[in-house]
Structure formats: structure tokens, C-alpha cells
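Architecture at a glance
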Amino acid sequence: RAGPEVELRAPAPVVGSWDRPSVESAIAHLVSDAVKFGGGRPIEIDVGVAEGRAILAVRDQGIGISPEDQARIFERFERAVSERHFGGFGVGLWIVRQTVEAHGGRIRVRSRPDDGSEFTLELPLDGSGAG
């Protein structure tokens, strides 16, 4: 199937000490959500390092998330959109948050309704906090 254009900017390899399958799953979920909620518009993915942390930012140009919903979307069974229109159980971002925090990292969102979303995942390069 044809999907949105995806631009990946990763000027240099980012190497860290993480549980590969769980981090890959978290990243795949963020990209999948960008496709799902991005309205077919281009998606941008930036990968880099800042202050000893790996940074991954996924931006879409889709429906966006209201400020009141942003405060709860990382909780289990929470959703910012109608299940009837988008499906899902409301656990994906909760799993992403659990994975990132287990690695000593954090996940955050910046968004406005009808103006897309940017999810930023940060992980320590040395794997501190993994367990």
C-alpha cells in the first residue's frame, strides 16, 4: 500500500545499550501512530544525540492532540480519539512510556489540534536505568 512520504534524518549512527526488541517496538508504535493519525501527509523522523542521550523525534501533520488529552495519553486504556474511527485499545503509548522509563528515558509530546504531533523519545546512551 502506498503510504505517506517519510523523511528520515539521521546524520550519524546512534549506538546505545538497550533491549533492542522493546525499543524497536516503541519506535515502531510511534511511527505507526504517525501514519495512522497523520492524514497521509509527510512524516519526519529525526535521530541524534544530545547531552549523552539518544533522541528520536517523530512528527506528523495530522489531527493533533488537545492539551487536555496530552496529559493522559500515556496512561493505560486512554485515548484522545474515537475508538470507532481509529480502532485500538489505548495501550500503545502506555507501553511506549513503560519501555522508555524502564531504560531510564522519557517520552513527551508537543501537539495542537489540526496541526500535527511531535513525539520525542529520549534514552540514555549507556543503558542506565535498564532493568
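Refer to the structure above for everything that follows.
A few points on the structure.

Bringing the nonpolar core into the picture now. As a rule of thumb, soluble globular proteins bury nonpolar side chains together. Among the nonpolar cores identified, the biggest contains 19 residues, and Leu30, Val58, Ile73, Phe74, Ile107, Phe119 and Leu121 are the most heavily contacted of them. Only α1 (20-37), β2 (43-50), β3 (53-59), α4 (92-102), β4 (106-111) and β5 (117-124) provide two or more residues apiece to this core. Setting aside chain neighbours within four positions, we find Leu121 in contact with Ala26, Leu30, Ala54, Ile55, Leu56, Val100, Arg106 and Ile107.

A complete count under the given rule lists 1 aromatic pair for this structure. Between the aromatic rings of Phe74 and Phe119, the centroid separation amounts to 6.1 Å while the plane-to-plane angle is 80 degrees, which identifies the pairing as edge-to-face. Of the two residues, Phe74 sits in the loop between α2 (67-70) and α3 (83-86) while Phe119 sits in strand β5, which places them 45 residues apart along the sequence. Across the pair, exposure class does not vary: Phe74 and Phe119 are buried alike.

One non-glycine residue, Glu51, lies in positive phi territory at about 50 degrees. Examined against the element boundaries, Glu51 turns out to sit in the loop between β2 and β3. A residue is classified by how much of its surface remains accessible, and Glu51, at 82% relative accessible area, is exposed.

How each quantity is defined
Counting starts from 1 at the beginning of each chain's written sequence and moves along it residue by residue. Reporting of local features is limited, given that this is a predicted model, to residues whose pLDDT is at least 70; pairs of side-chain atoms are given and counted only at 80 or more, and all residues count toward the totals for whole chains, interfaces and linings. To get the side-chain values, take all heavy atoms of the structure and skip hydrogens and water. Think of a nonpolar core as a cluster: buried Ala, Val, Leu, Ile, Met, Phe, Trp, Tyr and Cys residues, connected wherever their side-chain atoms sit within 4.5 Å. A 1.4 Å probe rolled over the protein chains alone gives each residue an accessible area, and that area as a share of the maximum for its type sets the label: buried under 20%, exposed over 50%, partly exposed in between. Elements are defined by DSSP. Helices are runs of H or I of four residues or more, strands are runs of E of two residues or more, and each kind is numbered from the N terminus. Residue contacts are counted whenever heavy atoms from the two residues lie within 4.5 Å of one another. Ring pairs shown here join Phe, Tyr and Trp side chains whose ring centres sit within 6.5 Å, with only the six-membered ring taken for Trp; geometry is labelled stacked below 30 degrees between planes, edge-to-face above 60, and tilted in between.

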